[in-house]
Amino acid sequence: MRTTATTDILTTPNFIKFTALALFSISLLFLTHHLYSSTSTVTLSLPLQLSPPPRTQPYYPPPPPPLPNFVKTGIIDETGAMSCDFEVGEFHLQTDSVEELQNVNEENDQLSENEKKSGSFIGKYRVCEERLTNYIPCFNNEEETLTRNLSSSERHCPDKGLDCLVPNPKGYKIPVLWPNSRDQVWSSNVPHTGPVQQNWVKLKDDKYIFLGDKERLLKGADNYLNQISQMVPEIAFGHRTRVGLDIDCGVASFGAYLMQRNVTTLSIAQKNVNENQIQFALERGVPAMVAVFSAHRMLYPSQAFDFIHCSRCRINWTRDDGILLLEANRMLRAGGYFLWVAEPVYKNEEIQLKQWKEMEDLTNRICWELVKKEGYIAIWRKALNNSCYLNRDARVQPPLCDSVDNSDNAWNVDLRACITRLPENGYGGNLTAWPARIHNPPDRLRIIKMDADISRNEIFRAESKYWNDIIDSYIRAFRWKGFNLRNVMDMRAGFGGFAAALHDLEIDCWVMNVVPVSGFNTLPVIYDRGFIGVTHDWCEPFDTYPRTYDLLHAAGLFSVEQKRCNISSIMLEMDRMLRPDGHVYIRDSVSVMSELQEIASAMGWVHAIHDTGEGPQASWKILICEKRM
């Protein structure tokens, strides 16, 4: 009887529920204890490595990771379709952003004694020796005379860069603001006299005054540009012709005066301490970088430039089977113009006549049309398609490049003595006029390696809208109009939406769009939009003088490159490129923000972190820094 009763109790629903609850409670207590034990392990904070340790062998950065075959990206609406109809969100700031940055200085720079003892304190970076004031890593900085051997002036890397802060020259001043800087700069900021000796500028009191480059551009830049427009009206500066390359640019007066005609000209010249042409150009606020025609491709894609200009540049275009002119041909857009001012154009002496015949013969063989030869100037036009190349006699040299050659691949690629093929579909040559080309998805958008064949145009437009909304917020929240920005760099440029937003929102500046080698090569799209840029590996220094840029912008750069590069090396390079009183805006994952803040403090930057428009729980933050005098 008792046994039966006990059995009945054990089988009742209440007893079963009670037993299950008890077992669940015991399991929960055990699991909680286990997790607590696992997470209470003591962690040690190790000092942050400032720079790679000394090496006996050259440091070669790890190669860029292979690009994935499929990358799904874009903005998707509630129906699953691609869309560019979205809201980025407003900044929610508890205090005025500008005043907050102004009040950060001393307090934000000092770490507590407890932090120092814990091992997380990284100290301060030392200031480099005074001789490194104008140092450019990866170049022969010890050369004191103009060399005719261009290969010795070419970029030679890998180079780990500097582990110190480049000092300002004595008497350095905040640069003259644009547009006044086009015509004058502080002499203390560019302490070299080469251009003065060449009659490019004159020294007046404490400023260099630019003379319109009458030595190189004949009657002065404005008259020179008027003459070109009269010779070839179809060149249509600022409409059909938007992006140019000026080789061996002097002090960049050609590019400086073209800016008022809505043309962006990238001025390039070799590193030379007697002239410092590029340093003068950048101090003026003109797009420029150190580069030289020699043994490797220039760091620009195929069909990048609407015109290429060479006025008294020290380049022998016909040497080595015309390999240097073939590189110019690779970068020149279909139907683009090559402008040459040189003694063989206008002198009738025997040696000059021989050189002209050689140039004339080479340009004929690569299917360039001599459009006009007048006075000192000769102007050729590149073919619009491959028909001329294909109709040549098979024995004519140089040959067409192999069909599998990637003409947009420019990082550490040797020059090739062959003619770059034009796309059979006309991509790169059939662009709309400026400024409509800013927002028209170009045909070459379709060649970017990404899994978005149908929705590429929507992604392009979505990126533009995304950055337009963000830059609009920056202008209002952080008072960008008062920054007097002129030289700007976007360190991970994507499709160039950041540069497009600055243009649309009327910030009077130019942008160097950098496309890292660790990602997809979107540089052709950036040039088709009417902007300039370069491919670069951020594990190495950039090809520019110190104190070059007013604003450095980096979105998602460090979380991508931290697996390949020492983050401190990139930050030190940013400090080298940044002008005193310049600004840095970094949008990146919260996982790297703490380290970036410590490095910013070690470099003496004033900095503060802000939430993105997505709010405090978002996985990304904004680190805003200022480099003070």
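The paragraphs below set out a description of the structure included in this document. These numbers come from a predicted model, not from an experiment.

### A short note on the overall build of the protein
Now for step 1: When helices and strands are counted, the protein shows 18 helices and 17 strands.
Now for step 2: Scored against the burial criterion, the 629 residues of the protein give a buried share of 53%.
Now for step 3: Across the protein, contacts joining residues at least 24 apart in sequence account for 72% of those joining residues at least 6 apart.

### Considerations on unusual backbone geometry
Now for step 1: Cis peptide bonds are those with omega within 30 degrees of zero, and the linkage from Q397 to P398 qualifies with -5°.
Now for step 2: Its place among the elements puts P398 in the loop between α12 (387-390) and α13 (456-478).
Now for step 3: Here the residue pair W434 and P435 is connected by a cis peptide bond, since its omega of 5° sits within 30 degrees of zero.
Now for step 4: Even without a glycine there, the phi angle at R312 is positive, about 55°.
Now for step 5: Positive phi, close to 55°, is recorded for N412, a residue that is not glycine.
Now for step 6: Within the secondary structure, N412 is located in the loop between α12 and α13.

### Some words on the state of the cysteines
Now for step 1: Here the structure, examined in full by the defined rule, presents five disulfides.
Now for step 2: Covalently, C128 is tied to C164 through a disulfide, its sulfur atoms 1.9 Å apart. Looking down the S-S bond of the C128 and C164 bridge, the torsion is 105°, so its handedness is right-handed. One end of the pair, C128, is in the loop between α4 (113-118) and β1 (184-186); the other, C164, is in the loop between α4 and β1, with 36 residues separating them in the sequence.

### Side note on helix α9 (residues 319-331)
Now for step 1: If you check α9, its first and last C-alpha atoms are 18 Å apart, about what 13 residues at 1.5 Å a residue would give, namely 18 Å.
Now for step 2: Summarising burial for α9: 10 of the 13 residues are buried, a large majority.
Now for step 3: Taken together, the buried positions of α9 are G322, I323, L324, L325, L326, E327, A328, N329, R330 and M331.
Now for step 4: In this structure, the buried side of α9 is in contact with β4 (243-247), β7 (305-311), β8 (332-341), α11 (350-365) and α12.

### A word on the pairing of strand β11 (residues 487-490)
Now for step 1: Side chains of β11 alternate between two faces, with N487 and M489 and V488 and D490 buried alike.
Now for step 2: As defined by bridge partners, β11 adjoins strand β12 (residues 510-516) across four bridges and the pair is classed as parallel. What sits directly across from M489, in β12, is M512.
Now for step 3: Of the strand pairs in this sheet, β11 and strand β14 (residues 549-555) are connected by three bridges, and their pairing is parallel. Considered in β14, the bridge of M489 is made with L552.

### A closer look at helix α17 (residues 567-577)
Now for step 1: Counting buried positions along α17 yields 10 of 11 residues, so the element is predominantly enclosed.
Now for step 2: Three or more residues of α17 are buried, namely I567, S568, I570, M571, L572, E573, M574, D575, R576 and M577.
Now for step 3: On its buried face, α17 sits against β11, β14, α16 (557-561), β15 (578-589), α18 (590-602) and β17 (620-627).

### Quick notes on the packing of aromatic side chains
Now for step 1: Evaluation of the coordinates by the stated rule reveals 27 aromatic pairs.
Now for step 2: For the ring pair W317 and F338, a centre distance of 5.4 Å and an interplane angle of 90° mean the geometry is edge-to-face. Taken together, the residues span a long stretch of sequence, with W317 in the loop between β7 and α9 and F338 in strand β8 at a distance of 21 residues.
Now for step 3: Judged by its relative accessible area of 2%, W317 is buried.
Now for step 4: Over the ring of W356 we find K373; its NZ or CZ atom is 4.0 Å from the centre of that ring.
Now for step 5: The residue whose ring lies beneath R486 is W178, and the NZ or CZ to ring-centre distance is 3.7 Å.

What counts and what doesn't
- Residues numbered from 1 in each chain as written.
- Predicted model: local features only at pLDDT ≥ 70, side-chain atom pairs only at ≥ 80, totals over all residues.
- Heavy atoms only, no water.
- Helix = DSSP H or I, 4+ residues; strand = E, 2+ residues; numbered from the N terminus.
- Buried < 20%, exposed > 50% of the residue type's maximum accessible area, 1.4 Å probe, protein only.
- Contact = heavy atoms within 4.5 Å.
- Disulfide = S-S within 2.5 Å.
- Expected span 1.5 Å × (residues − 1).
- Pairing = 2+ DSSP bridges.
- Phe/Tyr/Trp six-rings, centres within 6.5 Å; stacked < 30°, edge-to-face > 60°.
- Lys NZ or Arg CZ within 6 Å of the ring centre and 35° of its normal.

Any link to function would need more than the numbers given here.
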